[in-house]
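Residues per chain are reported as follows:
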Amino acid sequence: AAAAAAVRPLRHLAFSADGRHLACAGDFPAAQLCDGDTGLPVASFAGQTGPLAGVAFAAGGRVVSAAADAAVGFVIDPPWELERVVGGAGADAIADRAMALDVSPDGTLLLVGGGVPSRSGELAVFRIADGTRVLHLPEAHDDAVFAARFSPDGRRIASGGADKYLRTFDLADGRALRRFEGHTNYVLGLAWKTDGQTIASGGADNVVKVWDAETGDQRLSIPPFARHVTSVRYVGDSDTLLAGCGDRVVRLLNGGGGVTRAFSALDGWVHSADVSPGGDVVVAGAADGTARLWNGTTGATLADIVPDGASPPPPAAASGR
């Protein structure tokens, strides 16, 4: 019998600022836009040639995607054409794969995290309007960066990587501000609380930690999960955290670290999770190429979606001989 077609993991999901749209990216060369309430496909863009490591929304309805080949593209809405590729060649080239990206609160700057595994962790900031690199920290970490986020006021950067550290930097001059020590394995996800005073992180040590952003002190370490914590998000202005985990479950955690809701298990390792700005819709993407949407209040499943290209069609039946 013919082997089944390979599944392509869904690695990154992001809601737009108004919650109307959901962008999806994974191990396939297409960024897909879906309806934020129903998961129904709206548009698909396949302008990049390799797997996508991240996706985010920028000002003016643009979708920004990062490819595993280190090139970062800007996609405009509509007609969904590639506007620009940055970081792929020349003096501003990203050293290795782009592993994380974020857009500044005002929608004008793009943060890219990556680096050469076991050698260095890189951060770069580009101006979206023209693709100019405005900040470069080639050795921000001692190993590859897996998570990077602008602070809510847009003045600082937080990043986490394979060196087990969470770090913060001043955006204006790149000055290192704090190094947060406590994780015992890779830092895979992080989130700023909206007041800019608190950062949460999740890692391959199976824990979620909450930190004082100003002092670097650890405020809370949430008891270990069964698998890696791959993503964390704050829900609105609250202390509630959404945590995606490799055990296939997505959880809402209260300010003390207790589980207030566990959303139904997916059929694969959870790579990414996000929550709409109002907290009414939760989404997670898994290694089996599917994403699931839930009602954030009741936990009811709203839809299961497979972004275009995530699961290739089965091979054609063999012809007779």
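About the thresholds
- Residues numbered from 1 in each chain as written.
- Predicted model: local features only at pLDDT ≥ 70, side-chain atom pairs only at ≥ 80, totals over all residues.
- Heavy atoms only, no water.
- Helix = DSSP H or I, 4+ residues; strand = E, 2+ residues; numbered from the N terminus.
- Buried < 20%, exposed > 50% of the residue type's maximum accessible area, 1.4 Å probe, protein only.
- Contact = heavy atoms within 4.5 Å.
- Polar contact = N/O pair within 3.5 Å; in protein donor to acceptor, adjacent residues only side chain to side chain.
- Pairing = 2+ DSSP bridges.
- Axes fitted to C-alpha atoms, helices over the stretch in contact; angles between N-to-C directions.
- pLDDT = per-residue confidence, 0-100.
- Core = buried A, V, L, I, M, F, W, Y, C linked by side-chain atoms within 4.5 Å.
- Salt bridge = Lys/Arg side-chain N within 4 Å of Asp/Glu carboxyl O.
- 1 Å grid on protein atoms, 1.4 Å probe; cavity = no way out; pocket = protein on both sides within 12 Å on 5 of 7 lines; lining within 4 Å.
- Points joined across faces, edges and corners; volume = space filled by probe spheres on them.
- Nonpolar A, V, L, I, M, F, W, Y, C, P; charged D, E, K, R; others polar.

1. Details of the overall build of the protein chain
When helices and strands are counted, the protein chain shows 0 helices and 28 strands. Counting across all 321 residues of the protein chain, residues that qualify as buried make up 54%. Residue pairs in contact within the protein chain that sit at least 24 positions apart in sequence constitute 40% of those at least 6 positions apart.

2. Quick look at the side chain of D102
With respect to the helices and strands, the residue D102 is situated in strand β9 (residues 98-103). Here F150 takes part through its backbone nitrogen, which lies 2.9 Å from a polar atom of the side chain of D102. Discounting residues that sit within four places of it in the chain, D102 has contacts with L109, L110, L111, A148, R149 and F150.

3. Quick word on the sheet that holds strand β11 (residues 121-127)
Strands sit in the order β9-β10-β11-β12 across an open sheet of 4 strands; the sheet is antiparallel. Two strands close off the open sheet at either side, each with one partner strand: β9 and β12 (133-141). Sheet twist, expressed as the average angle between the axes of neighbouring strands with direction ignored, equals 15°. Pairing of β9 with strand β10 (residues 109-114) involves 5 bridges; the strand directions are antiparallel. Its bridge partner being in β10, A98 is matched across the sheet by G114.

4. Some words on the confidence of the model for the protein chain
Confidence along the protein chain averages 86 in pLDDT terms, with 87% of residues attaining 70 or more. Confidence drops under a pLDDT of 50 for residues 1-5, and excluding neighbours within four residues, the segment shows 6 contacts in the predicted structure. Within the model, the stretch residues 312-321 combines pLDDT values under 50 with 8 contacts to residues more than four positions away or in other chains.

5. Topic: the sheet that holds strand β2 (residues 21-26)
Read from one edge of the open sheet, 4 strands run β1-β2-β3-β4, paired in antiparallel fashion. Two strands close off the open sheet at either side, each with one partner strand: β1 (10-15) and β4 (41-45). Direction aside, the axes of adjacent strands within the sheet are offset by 20° on average. Bridge analysis of strand β3 (residues 28-35) against β4 gives 4 bridges, and the strand direction is antiparallel. Looking at the pairing, Q32 lines up with S44 of β4.

6. Topic: the nonpolar core
Among the nonpolar cores identified, the biggest contains 15 residues, and V64, V72, V103, L110 and V112 are the most heavily contacted of them. For this core, the leading source of residues is β9, giving 3 residues. For V112, the residues in contact, after removing those within four places along its chain, are V72, I94, A98, A100, L101, E122, L123, A124 and F126. Counting residues in each nonpolar core, the second largest holds 14 residues, with L109, V125, A140 and F150 among its members.

7. Here's the deal with the pattern of salt bridges
As a working rule, side chains carrying opposite charge can pair if their charged atoms are close by. Taken as a whole, this structure holds 14 salt bridges when the rule is applied. One salt bridge in this structure joins D163 and R167, with 3.2 Å as the shortest N-O distance. E181 is paired through a salt bridge with R179; the nearest N and O atoms lie 2.7 Å apart. Judged by relative accessible area, which is 48%, E181 ranks as partly exposed. Each of the salt bridges in this network shares a partner with another, and the network as a whole consists of D142, D163 and R167.

8. Comments concerning the layout of surface pockets
Its boundaries defined by the atoms lining it, the largest pocket holds a volume of some 1,100 Å³. Along the wall of the largest pocket there are 40 residues; nearest its centre are F15, A17, D102, V103 and R149. Elements that contribute at least two residues to the lining of the largest pocket include exactly β1, β5 (52-57), β9, β13 (145-150), β17 (187-192), β21 (229-234) and β25 (270-275). A per-element tally of the lining of the largest pocket places β1 first, with 4 residues. Residue classes in the lining of the largest pocket are distributed as 22 nonpolar, 10 polar and 8 charged. Approximately 710 Å³ is the volume found for the second largest pocket.

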